[in-house]
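# A structural walkthrough
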Amino acid sequence: MTDPSSQPAVALNGATFLYEGGRGVHDVTLSLAPGTILGLLGPNGSGKSTILSMVAGFRTPASGSVRVLGAHLTSQARARMGLLFQESSLDPLMTVQETLWLHGRLFGLGGGALRARSRELLRLVGLDDRHHDAVETLSGGLKRRLELARCLLHRPTLLLLDEPTIALDPDSRVQLWDLLQAVNAEGAALLLATNDVAEAERYCHTVAFLDRGRLVREGAPADLKRNLRRDSVRIDWPQPPPDIDGALMGWDGVGGVTWAPPMLHVTVDDASTFVPALFAVSGGGIRGLRIHESTLEDAYFQLVGAPFSPNGAAGGTDPPE
């Protein structure tokens, strides 16, 4: 018999879910290894939340399959999941303590074990002094911490996180990720949707690039960036010379070149030598440029063929997720 711990925590094989009009998630195949963090990275409407909802069992794929913790989705598998939604699902009239108590009872916890676990998590998320306060009195950031505590209460094997750091200030983001990394270090697998490129690059073991409901590329951040040169140059150039992208590919020190009108994106070994040479042959027409060290966002630009835009410019007009 196959050891369940050797199976992927999540495995999608050709999973498709279509909204009215044909938009949605198309033929997605990806897997989350046990004890790792996989980030679904793409602009709004690219299919991130749809994939999470299929894994959670809220939506059923029209074709393909979704397996969770080594099996098709069952009530036993759901009991080993923790869910953090993009929108708050807290009852504003309940207290912090009541919120955790109700969730614990739904998962079969009770008595001293539930009280001890609730105290532990409230301390970890910095809410130990607010346990008698009503949820409606908490700030947005504190509500997010409470939702995370609720999600972790029953010690899930798999966490599904939809924009986990949304509405958090920078310090709270770091604190939340410290906790998520600690949970991951204890063996839990994390599948998260994000449009925060820096977050995905820093914390995820694997990243899946999504565009218009399709998986473009999956891999470790370092592998996705492997073919990039040191510097990234983004040139606002509405009317460049014909075939400029092909010409630049022949220059020494130039890596990838992507033309997404009016933006020309180039990764180069040394921007300080590339930019003057570019202006010398440009013939004018360059309206501006931006230079920075190459990041995962540049890998997305080159693989998708469009700049990454959290608001959906790269992802078409898919319906809200």
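Small disclaimer: the values here were computed from a predicted structure and weren't measured.

### With respect to the packing of helix H5 (residues 140-152) against helix H6 (residues 170-185)
The N-to-C vectors of H5 and H6 enclose an angle of 5°; their axes lie 12 Å apart at closest approach. Between H5 and H6, the angle is such that the two are roughly parallel. Along its contact with H5, which presents Arg145, Leu148 and Leu152, the element H6 presents Ser172, Gln175, Leu176, Leu179, Leu180 and Val183. Grouping the constituent residues of the contact of H5 with H6 by class yields 6 nonpolar, 2 polar and 1 charged.

### Observations regarding the sheet that holds strand E7 (residues 158-162)
Strand pairs in the sheet, formed through backbone hydrogen bonds, run parallel or antiparallel to each other. Strands sit in the order E6-E7-E8-E3-E9-E10 across an open sheet of 6 strands; the sheet is mixed. The two strands at the open ends of the sheet, each matched to only one other strand, are strand E6 (81-84) and strand E10 (214-219). Strand after strand, the sheet turns through a mean of 15° between neighbouring axes, direction not considered. In the packing of H5 onto the sheet, the strands contacted are E6 and E7, and the crossing angle to E6 comes to about 165°.

### Details of the sheet that holds strand E11 (residues 231-236)
Strand order in the open sheet made by the 4 strands is E12-E13-E11-E14, with antiparallel pairing throughout. Edge strands, defined here as strands with exactly one partner in the open sheet, are strand E12 (254-260) and strand E14 (288-293). This sheet shows a mean twist of 15° between the axes of neighbouring strands, independent of strand direction. Across 6 bridges, E11 lies against strand E13 (residues 263-268) in antiparallel orientation. When the bridges of E13 are listed, Arg234 appears paired with His265. Sheet contacts for helix H10 (residues 271-282): E11, E12, E13 and E14; angle to E11, the most-contacted strand, approximately 25°. Packed on one face of the sheet, helix H11 (residues 296-304) meets E11, E12, E13 and E14 and runs near 120° to E13.

### Examining unusual backbone geometry
The omega torsion across Pro261 and Pro262 is 0°, close enough to zero to call that bond cis. As for its placement among the helices and strands, Pro262 is situated in the loop between E12 and E13. The residue Asp27 is not glycine, and still its phi comes out positive at about 50°. Tracing the backbone through its elements, the reader meets Asp27 in strand E2 (residues 24-32).

### Things to note about the pattern of salt bridges
Enumeration over the complete set of coordinates arrives at 14 salt bridges. A salt bridge links Lys225 to Glu201; its shortest N-O distance comes to 2.5 Å. Taken together, the positions of Lys225 in the loop between helix H8 (221-224) and E11 and Glu201 in helix H7 (residues 197-203) put the pair 24 residues apart, joining distant regions of the chain. Taking relative accessible area as the criterion, Glu201 reaches 25% and is therefore assigned partly exposed.

### A short note on the pairing of strand E8 (residues 189-194)
For E8, the tally of buried residues reaches 6 of 6 residues, placing the bulk of the element in the interior. Covered by surrounding structure in E8 are Ala189, Leu191 and Ala193 together with Leu190, Leu192 and Thr194, the residues of both alternating faces. The pairing of strand E3 (residues 37-41) with E8 spans 5 bridges and is classified as parallel. Counted as the bridge partner of Leu38 is Leu191 from E8. The pairing of E7 with E8 spans 5 bridges and is classified as parallel. Following the sheet pairing, Leu160 is matched in E8 by Leu191. This β-α-β element, E7 to H6 to E8, shows right-handed connectivity.

Reading guide: rules and limits
- Residues numbered from 1 in each chain as written.
- Predicted model: local features only at pLDDT ≥ 70, side-chain atom pairs only at ≥ 80, totals over all residues.
- Heavy atoms only, no water.
- Axes fitted to C-alpha atoms, helices over the stretch in contact; angles between N-to-C directions.
- Helix = DSSP H or I, 4+ residues; strand = E, 2+ residues; numbered from the N terminus.
- Parallel < 35°, antiparallel > 145°, perpendicular 65-115°, else oblique.
- Contact = heavy atoms within 4.5 Å.
- Nonpolar A, V, L, I, M, F, W, Y, C, P; charged D, E, K, R; others polar.
- Pairing = 2+ DSSP bridges.
- Salt bridge = Lys/Arg side-chain N within 4 Å of Asp/Glu carboxyl O.
- Buried < 20%, exposed > 50% of the residue type's maximum accessible area, 1.4 Å probe, protein only.
- Right-handed = clockwise from strand over helix to strand, strands pointing away.

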